[in-house]
Amino acid sequence: MISAPLLRAAAIASLGLVATAFTLPRPAAADTASTAAIAGAAAAIVGGLLYDSNRRPYYDRGGRRVYVSRPVEREYNRRHGGGGGGHGHGHGH
């Protein structure tokens, strides 16, 4: 027959295991909406960096860049006698 102290120790151990199972950390559940929002924001940042770094000509107007096509840049430079230099002219940046 099982002694009372041994039975009590087994009961306490099993309760401890059950309590531990409920307190263990679990991985967070995936949330589709927040994942899509993060992916969209990351894509917008990367897209903006690629768009700005592809050496398109632009003009500074009021502190912001106005991108133009190569033909517009050539026509502007032809009319203003510039090679693309100077402030406000088509920067090859």
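Quick caveat: nothing in here was measured; it's all calculated off a predicted structure.

Caption draft 1: Spatial organisation of the overall build of the protein chain. When helices and strands are counted, the protein chain shows three helices and two strands. Written out in order from the N terminus, the α and β elements of the protein chain read α-α-β-β-α. Buried residues in the protein chain amount to 12% of all 93 residues. Long-range contacts, defined here as pairs at least 24 residues apart, represent 36% of the contacts in the protein chain between residues at least 6 apart. Entry remark: accessible area of the protein chain is about 7,500 Å², with carbon and sulfur atoms responsible for 67%.

Caption draft 2: Quick look at the pairing of strand β2 (residues 64–67). Where strand β1 (residues 58–61) lies against β2, four bridges are found, and the strand directions are antiparallel. Paired with Tyr-59 across the bridge in β2 is Val-66. Count of turn residues in the β1/β2 antiparallel hairpin: two residues, of which Gly-62 carries a positive phi of about 60°.

Caption draft 3: Region of interest: the pattern of salt bridges. A complete count under the given rule lists three salt bridges for this structure. Taking the shortest distance from any N to any O, the salt bridge between Arg-70 and Glu-73 comes out at 3.3 Å. Placement of both Arg-70 and Glu-73 in helix α3 (residues 70–80) is noted, with a separation of three residues, approximately one turn of the helix. Accessibility expressed as a relative area gives 37% for Arg-70, which makes it partly exposed.

Caption draft 4: Region of interest: the confidence of the model for the protein chain. For the protein chain, the average pLDDT comes to 78, and 85% of its residues sit at 70 or higher. Averaged pLDDT values for the elements of the protein chain fall to 78 in β1 and rise to 89 in helix α2 (residues 32–52).

Reading the values: rules and limits
- Residues numbered from 1 in each chain as written.
- Predicted model: local features only at pLDDT ≥ 70, side-chain atom pairs only at ≥ 80, totals over all residues.
- Heavy atoms only, no water.
- Helix = DSSP H or I, 4+ residues; strand = E, 2+ residues; numbered from the N terminus.
- Buried < 20%, exposed > 50% of the residue type's maximum accessible area, 1.4 Å probe, protein only.
- Contact = heavy atoms within 4.5 Å.
- Areas by Shrake-Rupley, 256 points an atom, 1.4 Å probe, with all protein chains shown as cover.
- Pairing = 2+ DSSP bridges.
- Salt bridge = Lys/Arg side-chain N within 4 Å of Asp/Glu carboxyl O.
- pLDDT = per-residue confidence, 0-100.

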